[in-house]
Amino acid sequence: MTWMSDEEYCELTGLEISAVEDLIEHGKLTIKVEDGVRYIDPSKGTTESVVPVKLAQLAERNTHEMMVQPQFIEKTIGTIINLHEKVLDAKDETIGAVKVENEFLREALKSLQELYDEDRKTIAALTEQLKLSQQEVEFMRRKYKLMWNKAIDEHTT
């Protein structure tokens, strides 16, 4: 069992020395005295008597402070309702802005798709034109080769 001095016990529980002495007088705490110093057993009485006494003291002290006027409650409720309406308005504005932004993005995607399709058609046309040009270049090579071979043959004979 661990024993504590009065000061340590007051520090631990947050009670004033007068409240601790009152608990000792009512037999709620176990104490012993050694060398003229009073020691308290912290494992006894704290849960059953110290906490309820402390709560009772706080409740007595704060009863008058906790009285709330009806006008205050009405104003508070009015303020909460007003803030709620503002939040709803802001939510509606946000939803509207998101819808406008989504429509803009949808139109931008549609425009990009159209550009992509046009580019694909242009690439296909250019590819076909390149094939035709390569075929024409190949034809010209063969033609010139034949012509030069014929000219060389005639010159040599």
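The following paragraphs examine the structure supplied in this document. (Residues numbered from 1 in each chain as written. Predicted model: local features only at pLDDT ≥ 70, side-chain atom pairs only at ≥ 80, totals over all residues. Heavy atoms only, no water.)

So, about the overall build of the protein chain. Check the secondary structure of the protein chain and you find 4 helices and 3 strands. Starting at the N terminus and walking to the C terminus, you meet the elements of the protein chain as β-α-α-β-β-α-α. In the protein chain, which comprises 157 residues, the proportion classed as buried is 11%. For the protein chain, the exposed area adds up to about 13600 Å²; of that, 59% sits on carbon and sulfur atoms. (Helix = DSSP H or I, 4+ residues; strand = E, 2+ residues; numbered from the N terminus. Buried < 20%, exposed > 50% of the residue type's maximum accessible area, 1.4 Å probe, protein only. Areas by Shrake-Rupley, 256 points an atom, 1.4 Å probe, with all protein chains shown as cover.)

Okay, the pairing of strand E2 (residues 31–34) next. The pairing of E2 with strand E3 (residues 37–40) spans 4 bridges and is antiparallel. The residue of E3 that forms the bridge with Val33 is Arg38. (Pairing = 2+ DSSP bridges.)

With that settled, the discussion passes to the pattern of salt bridges. Between side chains of opposite charge, pairing is possible as soon as their charged atoms come close. Tallying each qualifying case throughout the model produces 6 salt bridges. Between Lys32 and Glu34 there is a salt bridge, with the nearest N and O atoms lying 3.0 Å from each other. Relative accessible area serves as the criterion here: at 27%, Lys32 is assigned to the partly exposed category. Glu138 is paired through a salt bridge with Arg141; the nearest N and O atoms lie 3.4 Å apart. Of this pair, Glu138 and Arg141 are both found in helix H4 (residues 70–156), 3 residues apart, which corresponds to roughly one turn of the helix. (Salt bridge = Lys/Arg side-chain N within 4 Å of Asp/Glu carboxyl O.)

So, about the sheet that holds strand E1 (residues 4–5). The strand order E1-E3-E2 describes an open sheet built from 3 strands, whose pairing is antiparallel. The strands lining the two open edges of the sheet, one partner per strand, are E1 and E2.

Checked against the element boundaries, Asp6 lands in helix H1 (residues 6–13). On the accessibility criterion, Asp6 (11% relative accessible area) is buried. For Asp6, the residues in contact, after removing those within four places along its chain, are Ile17, Arg38 and Ile40. (Contact = heavy atoms within 4.5 Å.)

Limitation: the analysis is restricted to geometry and does not speak to function.
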